[in-house]
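# Residue-level structural notes
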Amino acid sequence: MARMERRLGAWAARAAGLVVLTLAAAACSTYPEGPRYPIYAEPPAQPRPYTPPPAEQPDTPPAPDDIVPPRPMPVDPIEAEALPPTTDPTPTWAQSPPPTTAPPATPPPEWRPAEPASMTPGAGYLIQTGDTLSGIARRFQTPVQILIDLNGLGPRGALTQGQTLILPDSAVDTGRDPYATGPSPRGVRVPNGAAPPPPPPPPSGNPAAPAPVSDSADGRGVFQWPVRGEVIRRFGPVGTGERNNGINIGASAGAPVNAAAAGRVAYVGDDLVGQGLVVLLIHADGWRSVYGHLGSSLVEDGDEVRQGQQIGTVGLTAGDGRPSMHFETRRMQGDDPTPIDPLSLLPR
């Protein structure tokens, strides 16, 4: 009996100890553990090398017929001809071209270098009706100022019919000009060293001036129509930077062109740029008339013509798309032949 009581007491004591231990363990599990720090330094982690996954192997190998064998390299020897030996070790591109003897440059036979104008007096030119200082300077290749200085003309450079104008000894007579129509002076030079023209016959007095054609100072009643037709281009500006100094009259090709007023022929030719064949007449009181783009001319320089006399025919060179002629009327104002609208002068 006592033995059994001792065993029960031992069991009870064990059970109580187990209960105490269980409670202690439960109490300790409710508190967090403190941080743990390493005592020794650890080496840094090394990156793991990347290993690609193994390539998938084809289920079946390609058939032998699908494999294209590589082309074999040529084994036959290639023969080439040897280059011919060169006698000059200098490469072709480095060789200088053979010297050539070029003929000396010579100016065209018609051209001669212009000589500077001098102030030494030379030949004398006889002033004609309608001559202007600029026309004389242009004809004899001489600056206007030298003509003024040699002749003491003053700032206006006024000329008088029958006056002898002294030219410099460097003057060259290039031929008649519409505003310098007198004969070539004795002893004056001409272009290209040609022989000077024969001297004119001795003057028998001053040339007679054309008879006055009208007493009207404004020009009304002076002129008549040179040809009857439609006015297809009028006087004045006709475009950017362009101007018509007269009128263009359309008529049939070959129709007669008549002198608009009595006067003297001062110029016949086609040297005026853009005017075709031209006849220029000088009239009294400083009037001029110009007939351009003619098909033919029936007069010569120096001819005296009456009003209504035929001087030419209508041509085709005016560029109007039809036969026509160009007609101008001008009035001298000092040394300048000023164009005036012909329609303000012609009878209506």
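Residues numbered from 1 in each chain as written. Predicted model: local features only at pLDDT ≥ 70, side-chain atom pairs only at ≥ 80, totals over all residues. Heavy atoms only, no water.

### Observations concerning the overall build of the chain
Rules: Here a strand is any run of E in DSSP of at least two residues, a helix any run of H or I of at least four, and the numbering for each starts at the N terminus. Any residue under 20% of the maximum accessible area for its type is buried, any over 50% is exposed, and the rest in between are partly exposed; the area is computed with a 1.4 Å probe on protein chains only. Only heavy atoms matter for contacts: two residues are in contact if any of them lie within 4.5 Å across the pair.
Scanning the chain for helices and strands turns up three helices and 14 strands. By the burial criterion, 30% of the 348 residues in the chain qualify as buried. Residue pairs in contact within the chain that sit at least 24 positions apart in sequence constitute 63% of those at least 6 positions apart.

### A closer look at the environment of G312
The topology assignment puts G312 in strand β12 (residues 310–314). Along the primary structure G312 and V299 are separated by 13 residues, whereas in three dimensions their C-alpha atoms are 7.6 Å apart. Sequence-distant contacts of G312, defined by excluding residues within four places in its chain, comprise A255, P256, V257, S296, S297 and L298.

### Let's talk about the confidence of the model for the chain
This is how it is decided: Residue-level confidence of the predictor is summarised by pLDDT, bounded by 0 at the bottom and 100 at the top.
Considering every residue of the chain, the mean pLDDT works out to 75; 58% of them sit at 70 or more. Here helix α1 (residues 2–29) is the element of the chain with the lowest mean pLDDT, 64, and strand β7 (residues 256–258) is the one with the highest, 96. Note that residues 195–216 has pLDDT below 50 and, in this model, 28 contacts with residues that lie over four places away or in other chains.

### Topic: helix α3 (residues 144–151)
Owing to its 3.6 residues per turn, the α-helix aligns residues three or four sequence positions apart on the same side. Three or more residues of α3 are buried, namely I146, L147, I148 and N151. In the core, the buried residues of α3 are packed alongside α2 (133–139) and β2 (164–168). Just beyond α3, the residue with positive phi is G152, at close to 55°.

### Things to note about unusual backbone geometry
With a phi close to 50°, Q141 is a non-glycine residue in the positive phi region. By the element assignment, Q141 lies in the loop between α2 and α3. Owing to a relative accessible area of 51%, Q141 belongs among the exposed residues under this scheme. At D285, a position not held by glycine, the phi torsion is positive, near 65°. Relative to the helices and strands, D285 resides in the loop between β9 (277–282) and β10 (287–297).

### Here's the deal with the pattern of salt bridges
Where we set the bar: A carboxyl oxygen of Asp or Glu within 4 Å of a side-chain nitrogen of Lys or Arg is what we treat as a salt bridge.
The full count for this structure, using the stated rule, is four salt bridges. Note that E230 and R322 form a salt bridge whose closest N and O atoms lie 3.2 Å from each other. Remark: R322 occurs in the loop between β12 and β13 (324–333) and E230 occurs in strand β3 (residues 230–233); sequence separation between them is 92 residues. By relative accessible area, E230 is classed as partly exposed at 48%. A salt bridge links E328 to R330; its shortest N-O distance comes to 2.9 Å. The class of E328 is buried, set by a relative accessible area of 4%. For R330, a relative accessible area of 14% gives the class buried.

### As for the packing of aromatic side chains
Note the following rule: The pairing test for Phe, Tyr and Trp rings, Trp by its six-membered ring, is centres within 6.5 Å, and the orientation test on the planes gives stacked under 30 degrees, edge-to-face over 60, and tilted for anything in between.
As enumerated under the stated definition, the model contains three aromatic pairs in all. Measuring from centroid to centroid gives 5.4 Å for Y291 and F327, while their planes differ by 45°, and the two rings are tilted. Separated by 36 residues along the polypeptide, Y291 in strand β10 and F327 in strand β13 bring together distant segments of the chain. Here Y291 matches F327 in class, with each residue buried.

### Description of the nonpolar core
Keep this limit in mind: Residues enter a nonpolar core if they are buried and are Ala, Val, Leu, Ile, Met, Phe, Trp, Tyr or Cys, with the set joined through side-chain atoms within 4.5 Å.
Grouped together as the largest cluster of nonpolar side chains are 27 residues, with contacts concentrated most on F223, L281, Y291, I311, M325 and F327. Secondary structure elements with two or more residues in this core: β6 (247–250), β9, β10, β12 and β13. Looking at this core element by element, the count peaks at three residues for β10. Not counting residues up to four positions away in its chain, the partners in contact with L281 are A259, A261, R264, V265, W287, R288, S289, Y291, V305 and I311.

### Quick word on the pairing of β13
One face of the sheet, then the other: side chains in a regular strand alternate in exactly this way. Convention followed: Think of it this way: DSSP has to see at least two bridges between two strands before they count as a pair.
Most of β13 is tucked away, with eight of its ten residues classed as buried. Note that β6 and β13 share four bridges and pair antiparallel. Across the sheet, residue G250 finds its bridge partner in β13, namely S324. The pairing of β13 with strand β14 (residues 336–340) spans five bridges and is antiparallel. For T329, the partnering residue across the bridge sits in β14 and is I340. Counted along the chain from β13 to the antiparallel partner β14, the turn is two residues long, and its residue G334 has a positive phi close to 70°.

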